[in-house]
Amino acid sequence: MSKGHMDKKPVIPIKAGSLEKTRTSSTVTVFFEGAVRKKTLALVFIFILQVPVLYYLYTTEVSAYVNMKQDIKSTSSMSSISKLCANGSCTNTKNLLKLRKWAQRYPARSSLRHMVNIVEPSTTAAPSTTVAPNEDNLSNMTKTEQLQNETILPVETTTIPSTTTSTVSSSTTTESTTTTTTESTTTTTTTTTEATTTTTTVPEKPAEAGEDAILPDCPETPPDLQGNIDVSFAHTAPEMSKLEADNPLVKDGGHYKPPYCKALYKVAIVIPYRDREEHLRYFLEYMHPTLQRQQLDYAIYVVNQAGTGKFNRAKLMNVGYAESIKDHDFQCFAFHDVDLVLENDKSIYSCPSSPRHLSAGVDKFNYQLPYSAIFGGVTELTKEQFQKVNGYSNSFWGWGGEDDDMFNRVKFSGMNIIRYPMDISRYKMITHQREKGNEPNPKRFDQIRKTKDTMANDGLNTLEYKVVSKQKNKLYTNVTVDIMAPAR
């Protein structure tokens, strides 16, 4: 092969029009690439312009939120917020709008978030305080909301009468009350003076209205529960003045309502009491904050046995029930020894479906049940349950037996006793010596064996006592009574 032939490069055939197509494709690509670059630059430029604005808004909102969250934790701020709907002041549109705006803007407390779409102020200056749901409204309500609007009727029994008779004797210097009581739909009151005798029929205390009508229901699970509580009695019990300052939202008589929602339960805390002033201060120190975190509508009644006769814990608890229902329409009653303090606020004092033994675990017994049938220390029953068992026996003078008798009453009434899990049903007991007048009752075992025969005629329907004084202190209602105790 010749050299010239070897140096000759091969010729690649080109179709007609192919070069024009290549040039056109390159031009289109360059055009779109330029457009994309310009659009991207424009978006970046716009974003850069918005950065200062976004930063300002972000820092402003975060700063306001943090400040409000800190304010919420302070007593003064919480007090000012609570005044919006506490003490009946939540009666005009301005306050309602302020409360609604606050709840929407600063949902730091989870319970306030429930208010955002519920609190609807009226267009008038004084909105109605009662709401009557019609059939259409009930059909849209949840089961819990429907129950809140139903009327709870007392349980009727054939063996326990439902009659209340009160005799009040008065003079120019002193006043005493003798009462034989069992709750029913009406109360017959006889008042005797030196000159005249008057008999009147007074209806049972009506359901309370007012600011509750405009508040949403509190959540089923209170948002501020903290679980375990560090309870100690090593320090000196605080003075009453300090305890009052620490609980600014508690009204006279030891009555508290959640300021920003409607409590699901109305509970009377009944304490049988005599000569335990230091124990009472420890109790109030820990139990008031705990019950407030549980979002209960509650009041504390200290039933003080007058005189030096034999102590009767059970009869004092019957008195506490009888006196508390004169003040408020309580739904359930926690009968509470003053020397027991709850150590876990998840053990909620809500109204139980069956009689509840709250103090299942006590440190004195290594947080174990001493025996399965125990029903003392701290117990809770609804109004209907307490009426069904005819209350406590009035016949247990001295220490012991009344709690076992109540256990029998519950069983003989066809009810069961329930308890919280042992890991939350925990109480610490204040150690003390048994006081004089509360020596062991030698008749208690024989009395317990006869519960079935005696319960129908020994209890609320045979309760007799004289009210020496009834005073609403700041943190509790003190009821001093003469229960006709036999001498020691």
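Anyway, here's the lowdown on the structure attached to this text. (Residues numbered from 1 in each chain as written. Predicted model: local features only at pLDDT ≥ 70, side-chain atom pairs only at ≥ 80, totals over all residues. Heavy atoms only, no water.)

### What about the overall build of the chain?
Working step 1: On a plain count of helices and strands, the chain comes out with 14 helices and 15 strands.
Working step 2: The buried share of the chain, reckoned over its 488 residues, is 45%.
Working step 3: For the chain, the proportion of contacts with a sequence separation of at least 24, taken over those separated by at least 6, is 77%.
Working step 4: As displayed, the chain offers around 26,700 Å² of accessible surface, 55% of which is attributable to carbon and sulfur atoms. (Helix = DSSP H or I, 4+ residues; strand = E, 2+ residues; numbered from the N terminus. Buried < 20%, exposed > 50% of the residue type's maximum accessible area, 1.4 Å probe, protein only. Contact = heavy atoms within 4.5 Å. Areas by Shrake-Rupley, 256 points an atom, 1.4 Å probe, with all protein chains shown as cover.)

### Some points on the sheet that holds strand S11 (residues 361–362)
Working step 1: Taken in spatial order, the 3 strands of this open sheet run S9-S13-S11, and their pairing is mixed. A single partner strand is all that each edge strand has here, and the edge strands are strand S9 (340–342) and S11.
Working step 2: Of the pairings in the sheet, the one linking S11 to strand S13 (residues 426–429) comprises 2 bridges and is parallel in character. Residue pairing for S13: Val362 is matched across the bridge by Tyr427. (Pairing = 2+ DSSP bridges.)

### A look at helix H9 (residues 277–293)
Working step 1: Counted at 1.5 Å a residue, the expected span for H9 with its 17 residues is 24 Å, and the 25 Å between its end C-alpha atoms agrees.
Working step 2: Of all the bends found along H9, the most pronounced is centred on Met287 and spans about 30°, while Pro289, a proline, follows it within four residues.
Working step 3: Most of H9 is tucked away: 13 of the 17 residues are buried.
Working step 4: Positive phi appears at Gln295, one or two residues downstream of H9, with a value of about 55°. (Expected span 1.5 Å × (residues − 1). Bend = angle between axes of the 7 residues up to and from the residue.)

### Some points on helix H12 (residues 402–412)
Working step 1: Summarising burial for H12: 9 of the 11 residues are buried, a large majority.
Working step 2: Here H12 has its buried residues at Glu402, Asp403, Asp404, Asp405, Met406, Phe407, Asn408, Arg409 and Val410.
Working step 3: Packing partners of the buried residues in H12 comprise helix H10 (313–324), helix H11 (383–388), helix H13 (444–449) and helix H14 (451–454).
Working step 4: Immediately downstream of H12, the backbone of Gly414 shows phi near 80°, a positive value.

### Here we look at the side chain of Asn247
Working step 1: Structurally, Asn247 can be placed in the loop between helix H8 (240–246) and strand S5 (255–256).
Working step 2: Polar contacts involving the side chain of Asn247 include one to the main-chain carbonyl oxygen of Leu243, which spans 2.8 Å.
Working step 3: The residues touching Asn247, leaving out its near neighbours within four places in the chain, are His288, Pro289, Gln292, Lys474 and Leu475. (Polar contact = N/O pair within 3.5 Å; in protein donor to acceptor, adjacent residues only side chain to side chain.)

### Some thoughts on the packing of aromatic side chains
Working step 1: For the structure shown, the criterion picks out 10 aromatic pairs.
Working step 2: With a centroid separation of 6.4 Å and an interplanar angle of 70°, the aromatic rings of Phe330 and Phe333 are classed as edge-to-face. Grouping residues by exposure puts Phe330 and Phe333 together as buried.
Working step 3: Summarising the aromatic geometry, the rings of Phe386 and Tyr392 are spaced 6.0 Å apart at their centres and angled 55° between planes, so their arrangement reads as tilted.
Working step 4: When its relative accessible area of 1% is taken as the criterion, Tyr392 is described as buried.
Working step 5: Grouped by ring-pair contacts, the aromatic residues Tyr301, Tyr321, Phe330, Phe333, Phe335, Phe386 and Tyr392 constitute a single cluster. (Phe/Tyr/Trp six-rings, centres within 6.5 Å; stacked < 30°, edge-to-face > 60°.)

### What about the layout of surface pockets?
Working step 1: Approximately 1,000 Å³ is the volume found for the second largest pocket.
Working step 2: The wall of the second largest pocket is formed by 39 residues, among which Asp337, Asp339, Lys364, Trp399 and Met429 lie closest to the centre.
Working step 3: For the lining of the second largest pocket, the secondary-structure elements that each account for two or more residues are strand S6 (266–273), H12 and H13.
Working step 4: For the lining of the second largest pocket, the per-class residue count stands at 15 nonpolar, 11 polar and 13 charged. (1 Å grid on protein atoms, 1.4 Å probe; cavity = no way out; pocket = protein on both sides within 12 Å on 5 of 7 lines; lining within 4 Å. Points joined across faces, edges and corners; volume = space filled by probe spheres on them. Nonpolar A, V, L, I, M, F, W, Y, C, P; charged D, E, K, R; others polar.)

### Focus on the nonpolar core
When a protein is soluble and globular, its nonpolar side chains tend to lie buried together.
Working step 1: Formed by 41 residues in total, the largest nonpolar core has its most connected members in Ile269, Phe283, Leu284, Tyr298, Ile300, Tyr349 and Tyr427.
Working step 2: Mapped onto this core, the elements with two or more residues apiece are S6, H9, strand S7 (297–305), strand S8 (332–336) and S9.
Working step 3: Those residues within four positions of Ile300 in sequence are excluded, and the remaining contacts are Gly253, Gly254, Ile269, Ile271, Phe283, Leu284, His288, Leu475, Tyr476 and Thr477.
Working step 4: With 34 residues, the next largest nonpolar core counts Ala299, Ile325, Ile417 and Val467 among its residues. (Core = buried A, V, L, I, M, F, W, Y, C linked by side-chain atoms within 4.5 Å.)

### Let's talk about the state of the cysteines
Working step 1: Under the criterion given, the structure shown has 2 disulfides.
Working step 2: Here Cys218 engages in a disulfide with Cys261; their sulfurs sit 1.9 Å apart. One disulfide, between Cys218 and Cys261, carries an S-S torsion of 90° and so falls in the right-handed class. Taken as a pair, Cys218 in the loop between strand S4 (197–203) and H8 and Cys261 in the loop between S5 and S6 lie far apart in primary sequence, 43 residues in all. Comparing Cys218 with Cys261 shows no difference in burial state: the two are buried. (Disulfide = S-S within 2.5 Å.)

### What about the environment of Gly320?
Working step 1: Structurally, Gly320 is set in helix H10.
Working step 2: As a C-alpha pair, Gly320 and Ile271 span 49 residues in sequence and 7.6 Å in three-dimensional space.
Working step 3: Each residue touching Gly320, except ones within four places of it in the same chain, is listed here: Val270 and Val303.

### Topic: the pairing of strand S12 (residues 378–382)
Every other side chain in a regular strand lies on the same face of the sheet, so the side chains alternate between the two faces.
Working step 1: The element S12 is largely enclosed, with a buried count of 5 among its 5 residues.
Working step 2: Covered by surrounding structure in S12 are Val378, Glu380 and Thr382 together with Thr379 and Leu381, the residues of both alternating faces.
Working step 3: Relative to S12, S8 runs antiparallel, the two sharing 5 bridges. Opposite His336, over in S12, you have Val378 as the bridge partner.
Working step 4: Alignment of strand S10 (residues 356–357) against S12, held across 2 bridges, turns out to be antiparallel. Note on S12: the bridge partner recorded for Arg356 is Glu380.

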